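An overview of the molecular structure
The residues making up each chain are set out below.
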Amino acid sequence: LSLVADSVKKVLDCLSCGVLLIDEHGGVRVKISRGLSYSYIKELHASPGHDLINQILQNPRILVVKEGESLYGKGFEHPYKSLVVVPLVRGKDEVLGVLFADSDRDDAFQGEALEFLQDMALLTVVALDYYETKDKLISFINIDPLTELYNFKHFHELLYREILRADETRHPFSLMLFSIAGMANYNSAFGHVKGDQLLRDVAELIKSRVRRFDVVARYSGAKMVVIMPESDKEEASRKAREILEAF
């Protein structure tokens, strides 16, 4: 996406350009931009919607806005003479967002320039689709579906990384291992659905009591483990007692 934004800025010599994504509420999020200030991006994120984006959602097509048109002035940060908004469409009608560019020339976006922007929009959709699929795949591979904690395999990868880091920095880290005693009896008495819910509740309890950068994983059936970077045994023991008392 950085390459797309840099290419559009360089080839079309525009004032600003970028990729805006639309969230589930119709709000706008700047994914990548060139030429927009941080304060404007913040203002854009705080607004409930955007006239140009709403127009694209109603009728997904390329919009070229010039002085004198009804949508003129309802664009982006800079005073411009020409603004183009290209929808990012996945499949037949799913609008992910837009690719935009504005210029101080009123003839900036026509002919080959529009074809170029359409190609860039297509590349953007491919990139967004790829990373969304990749994120889902990584999550599927690394996350335990029942507790939504890291699984045994990914825990060992993270543990190995933490061992290397601790060895290099000479800073300690600690491990906490929790085992829920009597799970077999609990499942026999109340059923596996209730047992699964208990595991989810314990996972949530542990996550809520540790630091954001601690790693919580499901080690095996009724065992859960926490990697605590930069923590000695005394600190880990205090945290373990706190979690046990909460449980």
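Rules behind the numbers
Residues numbered from 1 in each chain as written. Predicted model: local features only at pLDDT ≥ 70, side-chain atom pairs only at ≥ 80, totals over all residues. Heavy atoms only, no water. Helix = DSSP H or I, 4+ residues; strand = E, 2+ residues; numbered from the N terminus. Buried < 20%, exposed > 50% of the residue type's maximum accessible area, 1.4 Å probe, protein only. Contact = heavy atoms within 4.5 Å. Areas by Shrake-Rupley, 256 points an atom, 1.4 Å probe, with all protein chains shown as cover. Lys, Arg positive; Asp, Glu negative; His and termini not counted. Charge placed at Lys NZ, Arg CZ, Asp CG, Glu CD. Salt bridge = Lys/Arg side-chain N within 4 Å of Asp/Glu carboxyl O. Polar contact = N/O pair within 3.5 Å; in protein donor to acceptor, adjacent residues only side chain to side chain. Patch = residues over 30% accessible without salt bridge, like charges linked within 9 Å, V, L, I, M, F, W, Y side chains within 5 Å. Disulfide = S-S within 2.5 Å. pLDDT = per-residue confidence, 0-100.

Examining the overall build of the protein
- What the protein contains, in helices and strands, is eight helices and eight strands.
- Looking at the 247 residues of the protein, the share that counts as buried comes to 41%.
- Here the analysis covers contacts within the protein between residues at least 6 apart in sequence; of these, 56% occur between residues at least 24 apart.
- Carbon and sulfur atoms form 54% of the exposed surface of the protein, whose accessible area is close to 14700 Å².
- With 31 positive and 37 negative side-chain charges, the protein shows a spacing of 6 Å between the two charge centroids.

Observations concerning the pattern of salt bridges
- In this structure the tally under the stated criterion is 16 salt bridges.
- Between Glu132 and Arg90 there is a salt bridge, with its nearest N and O atoms 3.3 Å apart. Remark: Arg90 occurs in strand β4 (residues 82-90) and Glu132 occurs in helix α4 (residues 112-142); sequence separation between them is 42 residues.

Brief notes about the environment of Leu12
- Within the secondary structure, Leu12 is located in helix α1 (residues 2-12).
- Linking Leu12 and Phe116, residues 104 residues apart in sequence, is a C-alpha distance of 9.3 Å.
- Every residue in contact with Leu12, bar those within four places of it in the chain, is listed here: Ser7, Arg105, Phe109, Ala113, Phe116 and Leu117.

Topic: the side chain of Asp144
- Considering the arrangement of structural elements, one finds Asp144 in the loop between α4 and α5 (152-169).
- In terms of polar contacts, Asp144 uses its side chain to reach the side chain of Arg218, at 3.3 Å.
- For Asp144, the contacting residues outside a window of four places in its chain are Leu149, Tyr150, Asn151 and Arg218.

Some details on a nonpolar patch on the surface
- A grouping of Leu137, Phe140 and Ile141 is seen on the molecular surface, where their side chains present a nonpolar patch of about 340 Å² in accessible area.
- Looking at the element boundaries, Ile141 is found in helix α4.

Some points on the state of the cysteines
- Evaluation of the coordinates by the stated rule reveals zero disulfides.
- Considering cysteine sulfurs only, Cys14 is the nearest to Cys17, which forms no disulfide, with 4.1 Å between them.
- Since its relative accessible area comes to 1%, Cys17 is described here as buried.

Some remarks on unusual backbone geometry
- Even without being glycine, Glu148 reaches a positive phi, approximately 60°.
- For Glu148, a relative accessible area of 59% corresponds to the exposed category.
- Backbone geometry places Glu230, a non-glycine residue, at a positive phi of 60°.
- Assignment of secondary structure puts Glu230 in the loop between β8 (223-229) and α8 (233-246).
- Glu230 sits in the partly exposed class, given a relative accessible area of 38%.

A look at the confidence of the model for the protein
- Averaged over all residues, the pLDDT of the protein equals 90, while 100% of them reach at least 70.
- Within the protein, no element has a lower average pLDDT than helix α3 (residues 51-58), which sits at 83, and none a higher one than β8, at 96.

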